[in-house]
Amino acid sequence: MGPVARTSGPETRAKLIRAAEELFAAQGVDGAQLRDITKLAGQANPSAVQYHFGSRAGLLDAVMAGRLARTEQVLVALAYDAEADVHGLVTALVTAEASELRTERGCRCLRVSAQLSHESGVRARTPHPTLAGTAYWALIERIAARLADEGLPEPLLLERLDLALTVVGAALADRARQYLDGTEPLTSEALFLADLVETTTALLRAARPRNV
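All figures in this text were calculated on a predicted structure; none of them were measured in a lab. (Residues numbered from 1 in each chain as written. Predicted model: local features only at pLDDT ≥ 70, side-chain atom pairs only at ≥ 80, totals over all residues. Heavy atoms only, no water.)

Digging into the overall build of the chain
In terms of helices and strands, the chain carries nine helices and zero strands. Put simply, the chain runs from its N terminus to its C terminus through helices and strands in the order α-α-α-α-α-α-α-α-α. Judged by the C-alpha coordinates and their principal axes, the chain covers about 75 × 40 × 35 Å. Counting only residues that meet the buried cut, the chain has 43% of its 212 residues in that class. About 11300 Å² of surface is accessible on the chain, with carbon and sulfur atoms providing 54% of the total. (Helix = DSSP H or I, 4+ residues; strand = E, 2+ residues; numbered from the N terminus. Buried < 20%, exposed > 50% of the residue type's maximum accessible area, 1.4 Å probe, protein only. Areas by Shrake-Rupley, 256 points an atom, 1.4 Å probe, with all protein chains shown as cover.)

Considerations on the packing of helix 6 (residues 104-113) against helix 8 (residues 154-181)
The interhelical angle for the contact between helix 6 and helix 8, taken along N-to-C directions, is 135°, at an axis separation of 8 Å. The pairing of helix 6 with helix 8 is recorded here as oblique in orientation. In this structure, helix 6 meets helix 8 at a crossing whose hand is left-handed. Where helix 6 abuts helix 8, its residues Glu-104, Cys-107, Arg-108, Leu-110 and Arg-111 lie against Leu-172, Ala-173, Ala-176, Arg-177, Tyr-179 and Leu-180. (Axes fitted to C-alpha atoms, helices over the stretch in contact; angles between N-to-C directions. Parallel < 35°, antiparallel > 145°, perpendicular 65-115°, else oblique. Left-handed = near helix turned anticlockwise from the far one by under 90°. Contact = heavy atoms within 4.5 Å.)

What about the side chain of Ser-113?
Structurally, Ser-113 is set in helix 6. Residue classification places Ser-113 among the buried residues on the basis of a relative accessible area of 15%. A distance of 3.3 Å separates polar atoms of two side chains, one belonging to Ser-113 and the other to Arg-67. The residues contacting Ser-113, other than those within four sequence positions of it, are Met-64 and Arg-67. (Polar contact = N/O pair within 3.5 Å; in protein donor to acceptor, adjacent residues only side chain to side chain.)

Brief notes about the side chain of Glu-21
Looking at where Glu-21 falls in the secondary structure, it is placed in helix 1 (residues 9-27). With relative accessibility at 2%, the residue Glu-21 sits in the buried group. When neighbours within four sequence positions are excluded, Glu-21 is seen to be in contact with Val-63, Arg-105, Arg-108, Cys-109 and Val-112.

Quick word on the nonpolar core
If you look at the biggest cluster of nonpolar residues, it comprises 38 residues, and the most contacted ones within it are Tyr-136, Ile-143, Leu-172 and Leu-204. The biggest single contributor to this core is helix 8, with nine residues. In this structure, Tyr-136 is in contact with Leu-68, Glu-72, Leu-75, Leu-93, Glu-97, Leu-131 and Leu-165, ignoring residues within four places of it in sequence. Grouped together as the second largest cluster of nonpolar side chains are 23 residues, Ile-17, Ala-25, Leu-34 and Val-112 included. (Core = buried A, V, L, I, M, F, W, Y, C linked by side-chain atoms within 4.5 Å.)

So, the pattern of salt bridges
This model, assessed by the stated rule, comprises 16 salt bridges. In this structure, the salt-bridge partner of Glu-150 is Arg-205, at a minimum N-O distance of 3.1 Å. Of this pair, Glu-150 sits in the loop between helix 7 (135-149) and helix 8 while Arg-205 sits in the segment after helix 9 (189-204), placing them 55 residues apart in sequence. The class for Glu-150 is partly exposed, based on a relative accessible area of 42%. Since its relative accessible area comes to 41%, Arg-205 is described here as partly exposed. Two residues, Asp-181 and Arg-177, come together in a salt bridge whose shortest N-O distance is 3.5 Å. Residue Asp-181 and its partner Arg-177 are both found in helix 8; the two are separated by four residues, about one turn of the helix. (Salt bridge = Lys/Arg side-chain N within 4 Å of Asp/Glu carboxyl O.)

Some thoughts on helix 8
In this model helix 8 runs 40 Å from its N-terminal to its C-terminal C-alpha over 28 residues, within 8% of the 40 Å that 1.5 Å per residue would give. Of the residues trailing helix 8, Gly-182 is marked for its positive phi of about 80°. (Expected span 1.5 Å × (residues − 1).)

Description of the environment of Leu-75
By secondary structure assignment, the location of Leu-75 is in helix 4 (residues 56-78). Sequence separation of Leu-75 and Glu-97 is 22 residues, and the distance between their C-alpha atoms is 8.6 Å. Sequence-distant contacts of Leu-75, defined by excluding residues within four places in its chain, comprise Tyr-80, Ala-92, Ala-96, Ala-135, Tyr-136 and Leu-139.

Below is the structure:
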């Protein structure tokens, strides 16, 4: 019998992350079992996730870190106008996020991240550790600043911005689901993304409630 093939630590981590992307997308962040992720990754050690990531949360952070790294590359390459109005900034946000639709892996990660939309830290203006210091968070802060310039009070501004990110995430996750399932979307991708920009911008810039 020949020697047993071994994989390095980085290779094992990568396999676990890819398996987690698949099962977190299909079964949910809370529904997927770590033992199934370990098995799908081809690992015999049932404690592989704990060894490499410490916990389910650590594995999830690794999945999101990879997804964010790809989005960051697109966002930086866009070289968007940081002084643009809300519509221009939302366009940059949607364009960067939608880049994940190009690959099966990206589609899965969109389905995962949509489950975590309220964990960004927007409401407290304190970014989740994976977002701290990123171009993505800087873009969110730019949008918040433009809304403040338009007279929207901070509590309402932060609630709207958190809701807008949830809407964008949910819309892209549903589009990703259609691509993964082979379902024919109602609209072309170009129309879908353009409408998502308009809808999100309208949400953020809606008139303030009266008599409240």
